[in-house]
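Chain by chain, the residues:
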Amino acid sequence: MLQDLTVGLINEYKPIMRGWGWHEKFTWHKFLQQEIMGAEAIIGKHLPNEDAVLVRKVVKDQPRERLYFLHGDCGVHNFLFQDGQLCGVIDPLHLFGPPMYDLIFAFCSSPDSLDEKTLQDALLFFNGEIPGELYGSVLIGLYIRIARCLLHHPEDLAAYLEAWTYWKALYYSLNLQLKCNGN
């Protein structure tokens, strides 16, 4: 499903052209900061405060990227299937951001298979830029998804918290490895 979504939708995104006016005041960081603040208010005590601090830091450290027209809500709840094949994605939010956001959002939209192999398999088909802080980007997506889970699918919370612990460990492990290598 992630492969079909990547090839059939995300790889087809077009960058925003300069001079369109209103979007020039938009920043991806502001959008992410607003999303995280909203998620933090919902998550409350379900995660320790140090996790909110971590996600705010990850957002702050996100590289500046070229903006594209995105679907903005690539969750499995918006996928249409026919004969077992993905045939459409409905309810766009018309967001501007990096294409990786929609891929990570889709990846995080179900508590099933939230592991590194699943994401790496999808990335094999992704034509866009893969951020150097891929694990940090996943943490952002998961944090936002945990908040939405609490609102719409609280029965999935345990699986999302397990995925959160898994990806947080990957994130810290990679950063420790980079520090040891002098990067």
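This text goes with the structure placed above it.
Along every chain, residues carry numbers that run from 1 in the direction the sequence is written. This being a predicted model, a pLDDT of at least 70 is required before a residue's local features are given, and a value of 80 or more before pairs of side-chain atoms are given or counted; all residues contribute to the totals for chains, interfaces and linings. As a rule here, side-chain values come from all non-hydrogen atoms in the structure, and water together with hydrogens is ignored.

Chemist: Residue-level account of the overall build of the protein chain, with values.
Modeler: Looking only at helices and strands, the protein chain has 7 helices and 4 strands in total. As a reference, a globule follows 2.2 Å times the number of residues to the power 0.38, and the radius of gyration itself is taken over C-alpha atoms. Its C-alpha atoms give the protein chain a radius of gyration of 16 Å, near enough to 16 Å, the size a compact globule of 183 residues would have. The proportion of buried residues among the 183 residues of the protein chain is 44%. Restricting to contacts in the protein chain with at least 6 residues of sequence separation, those with at least 24 account for 76%. For the protein chain, the exposed area adds up to about 10100 Å²; of that, 55% sits on carbon and sulfur atoms. A positive count includes Lys and Arg, and a negative count includes Asp and Glu. His and the chain ends are not counted in either. To locate a charge, take atom NZ for lysine, CZ for arginine, CG for aspartate or CD for glutamate. For the protein chain, the centre of its 15 positive side-chain charges and the centre of its 22 negative side-chain charges are spaced 12 Å apart. We count a stretch as a helix when DSSP gives it H or I for four or more residues in a row; a strand needs E for two or more, and each element gets its number in order from the N terminus. Categorising residues by exposure relies on relative accessible area from a 1.4 Å probe, with only protein chains included: less than 20% of the type maximum marks a residue as buried, more than 50% marks it as exposed, and the intermediate range marks it as partly exposed. The contact criterion used throughout is that any non-hydrogen atoms of two residues lie within 4.5 Å. For the accessible areas, the method is Shrake-Rupley and the probe is 1.4 Å, while residue cover comes only from the protein chains on display.

Chemist: Tell me about the pairing of strand β3 (residues 85-89), and name the residues and values.
Modeler: Pairing of strand β2 (residues 79-82) with β3 involves 4 bridges; the strand directions are antiparallel. Considered in β3, the bridge of F81 is made with L86. Being paired, for any two strands, means DSSP has found at least two bridges between them. Two successive antiparallel strands, β2 and β3, enclose a turn made up of 2 residues, where D83 displays a positive phi of approximately 55°.

Chemist: Describe the side chain of D102, naming the residues involved and giving the relevant values.
Modeler: Within the secondary structure, D102 is located in helix α4 (residues 99-108). Just to be clear on terms, a salt bridge is a Lys or Arg side-chain nitrogen sitting within 4 Å of an Asp or Glu carboxyl oxygen. Buried charge D102 goes without a salt bridge, the closest partner of opposite sign being R148 at 8.9 Å.

Chemist: Before we move on, could you go through helix α6 (residues 134-152) and cite the residues and values that matter?
Modeler: With 19 residues, α6 ought to run about 27 Å at 1.5 Å a step, and its terminal C-alpha atoms sit 26 Å apart, in line with that. Here α6 lies mainly inside the structure; 16 of its 19 residues are buried. One less than the number of residues in a helix, times 1.5 Å, gives the span that helix is expected to have.

Chemist: Outline the nonpolar core, listing residues and values.
Modeler: The term nonpolar core refers to a set of buried residues drawn from Ala, Val, Leu, Ile, Met, Phe, Trp, Tyr and Cys, joined through side-chain atoms within 4.5 Å. Ranked by internal contacts, the top residues of the largest apolar core, which has 56 residues, are L142, Y143 and W167. Contributing elements (two or more residues each) for this core: α1 (2-8), α2 (28-43), α3 (49-60), β4 (95-97), α4, α5 (116-123), α6 and α7 (157-180). Contacts of L142, omitting those with residues within four sequence positions, involve C108, L114, Y160, A163, W164 and W167.

Chemist: Can you lay out the packing of aromatic side chains for me, pointing to particular residues and giving the numbers?
Modeler: Aromatic ring pairs are reported here in terms of the distance separating the ring centres and the angle at which the planes meet. Stacked, tilted and edge-to-face are the three classes applied to pairs of Phe, Tyr and Trp rings, where Trp contributes its six-membered ring and a pair requires centres within 6.5 Å; stacked means planes under 30 degrees apart, edge-to-face means over 60, and tilted covers the rest. Tallied over the full model, the rule gives 10 aromatic pairs. Aromatic pair W28 and Y101: ring centres 5.1 Å apart, planes at 80°, arrangement edge-to-face. Of this pair, W28 sits in helix α2 while Y101 sits in helix α4, and the two are 73 residues apart along the sequence. Like Y101, W28 is buried.

Chemist: Please provide a residue-by-residue account of the packing of α3 against α6, values included.
Modeler: To obtain an axis, a line is fitted to C-alpha atoms, over the contacting stretch when the element is a helix, and the angle between two such axes runs from 0 to 180 degrees between their N-to-C directions. Where α3 meets α6, the axes come as close as 9 Å, and the angle between the chain directions of the two elements is 125°. Classified by the angle between their axes, α3 and α6 sit oblique to one another. The hand of the α3/α6 crossing is left-handed. Across from D51, A52, L54, V55, V58 and V59 in α3, the residues of α6 making contact are G136, S137, L139, I140 and Y143. Its residues assigned to classes, the contact of α3 with α6 shows 8 nonpolar, 2 polar and 1 charged. Roughly parallel here means an angle under 35 degrees, roughly antiparallel means over 145, roughly perpendicular means 65 to 115, and every remaining angle is called oblique. In this scheme, a crossing is called left-handed if the near helix is turned counterclockwise away from the far one by less than a right angle; it is called right-handed if the turn is clockwise. Classification convention: Asp, Glu, Lys, Arg as charged; Ala, Val, Leu, Ile, Met, Phe, Trp, Tyr, Cys, Pro as nonpolar; all other residues, Gly among them, as polar.

Chemist: Can you tell me about a nonpolar patch on the surface, naming the residues and giving the values?
Modeler: Nonpolar side chains collect at one region of the surface, where V7, L124 and F125 lie side by side and expose about 280 Å² of accessible area between them. Inspection of the secondary structure puts F125 in the loop between α5 and α6. Among the residues examined, F125 registers a relative accessible area of 31% and is labelled partly exposed. Note that patches include only residues with greater than 30% relative accessible area and no salt bridge, and the join distances are 9 Å for like charges and 5 Å for nonpolar side chains (Val, Leu, Ile, Met, Phe, Trp, Tyr).

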